[in-house]
Amino acid sequence: MILKPEFYHRKNVVQIAKDLLGKFLVTNHDGEYTSGMIVETEAYAGAIDKASHAFGNRRTARTEIMYGVGGKAYVYLCYGIHHLFNVVTNEAEIPHAVLIRAVEPVDGIDIMLHRRKKEKLAPALSAGPGALSEALAIYTKDTGLDLSEKSSLLYIEDRGIKIPKSQIVADTRVGVAYAKEDAYLPYRFYIKDNKYVSKGKGLKLPA
DNA sequence: CGTTGGATCTTCT
DNA sequence: GAAGATCCAACGC
């Protein structure tokens, strides 16, 4: 069943990041039905998180959607090339978000292979935030779509899979070294031993 | 294997 | 003008 708005409205963005593991991200653009199981996420704690685009309550046209109510998509362009998909959480005016970093392909694998210009199924198909967005055809124009609304053609659903706590690994986030001390926060979560977790490495804690 | 650099948009200096 | 929540092809060992 599709995740309800209440799932996203909760205040603990770290808990939501963990809860999203094992859920299914679905897109249905132009009648092409594709989905993947979420296997890797990162929490971004808004105004107090130096790694967040909304640190210090910074508002730009790009980040405005994060100041809206939770349960919407925040998609932005990274390095001018890659579309990164995030889930906005919490209440209005609190710019929390969860970055989806990797999914395991489930439905429409042939369509995803075609979009990624690949021949055979391999982790590179959807391991990594830019790769997964291309595989599922998620673009910046999808920012603002309601993830609780099936007709939005971009939504997240629960198919009854529960990831045991023992299978969830917490680690530092990838590519946020500029965030100084916040780069060491254990805000990245992934499913242990899953092949589709990205190869990205966060900073190691100082000795 | 590991490392390097190109692609080229948004935002801030 | 520079750097970033990235990816991958092209190199050198």
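About the cut-offs
- Residues numbered from 1 in each chain as written.
- Chains lettered and ligands numbered in written order.
- Predicted model: local features only at pLDDT ≥ 70, side-chain atom pairs only at ≥ 80, totals over all residues.
- Heavy atoms only, no water.
- UniProt positions renumbered as here; feature names shortened; annotations may be inferred.
- Near = heavy atom within 4 Å.
- Polar contact = N/O pair within 3.5 Å; in protein donor to acceptor, adjacent residues only side chain to side chain.
- Nonpolar A, V, L, I, M, F, W, Y, C, P; charged D, E, K, R; others polar.
- Helix = DSSP H or I, 4+ residues; strand = E, 2+ residues; numbered from the N terminus.
- Salt bridge = Lys/Arg side-chain N within 4 Å of Asp/Glu carboxyl O.
- Buried < 20%, exposed > 50% of the residue type's maximum accessible area, 1.4 Å probe, protein only.
- Contact = heavy atoms within 4.5 Å.

- Looking up chain A in an unreviewed UniProt entry gives the name Putative 3-methyladenine DNA glycosylase, with the organism given as Taibaiella soli.
- Chain A has a UniProt comment under Sequence similarities (unreviewed entry) that states "Belongs to the DNA glycosylase MPG family."

### Looking at the protein's contact with DNA strand B
Link 1 in the chain: Every residue close to DNA strand B is listed here: Arg-58, Thr-60, Arg-62, Leu-77, Gly-80 and Ile-81.
Link 2 in the chain: A share of 71% of the atoms of DNA strand B within 4 Å of the protein falls on sugar and phosphate groups.
Link 3 in the chain: With respect to DNA strand B, the side chain of Thr-60 contributes an N or O atom lying 3.1 Å from a phosphate oxygen.
Link 4 in the chain: Counted by class, the surface near DNA strand B contains 2 nonpolar, 2 polar and 2 charged residues.

### Re the protein's contact with DNA strand C
Link 1 in the chain: Close to DNA strand C lie 19 residues, the nearest being His-82, Asn-86, Arg-116, Gly-175 and Tyr-178.
Link 2 in the chain: Among the atoms of DNA strand C lying within 4 Å of the protein, the sugar-phosphate backbone contributes 50%.
Link 3 in the chain: Between DNA strand C and Asn-86, the relevant distance is 2.5 Å, taken from a base nitrogen to a side-chain nitrogen or oxygen of the residue.
Link 4 in the chain: A distance of 3.4 Å is found between a phosphate oxygen of DNA strand C and a backbone nitrogen or oxygen belonging to Gly-128.
Link 5 in the chain: Looking at the surface near DNA strand C, the elements with two or more residues in it are strand 4 (82–89), strand 5 (96–107) and helix 4 (129–135).

### As for the pattern of salt bridges
Link 1 in the chain: Per the stated rule, a full pass over the model turns up 15 salt bridges.
Link 2 in the chain: We note a salt bridge from Asp-19 to Arg-10, for which the minimum N-O separation is 2.8 Å.
Link 3 in the chain: Overall, Arg-10 belongs to the partly exposed group, its relative accessible area being 31%.
Link 4 in the chain: Between Arg-188 and Asp-171 there is a salt bridge whose closest N-O contact spans 3.8 Å. Linking Arg-188 in strand 8 (residues 188–191) with Asp-171 in strand 7 (residues 168–171), this pair joins segments that are 17 residues apart in sequence.
Link 5 in the chain: With relative accessibility at 27%, the residue Asp-171 sits in the partly exposed group.

### Observations regarding the side chain of Thr-172
Link 1 in the chain: Relative to the helices and strands, Thr-172 is located in the loop between strand 7 and strand 8.
Link 2 in the chain: Polar side-chain contacts of Thr-172 include one of 2.6 Å to the backbone oxygen of Leu-203.
Link 3 in the chain: Each residue touching Thr-172, except ones within four places of it in the same chain, is listed here: Ala-183, Tyr-184, Leu-185, Arg-188, Gly-202 and Leu-203.

### Focus: unusual backbone geometry
Link 1 in the chain: Here Asp-30, not a glycine, exhibits a phi torsion of approximately 55°, which is positive.
Link 2 in the chain: Positive phi, close to 55°, is recorded for Tyr-79, a residue that is not glycine.
Link 3 in the chain: Take Tyr-79: it is sitting in the loop between strand 3 (73–78) and strand 4.

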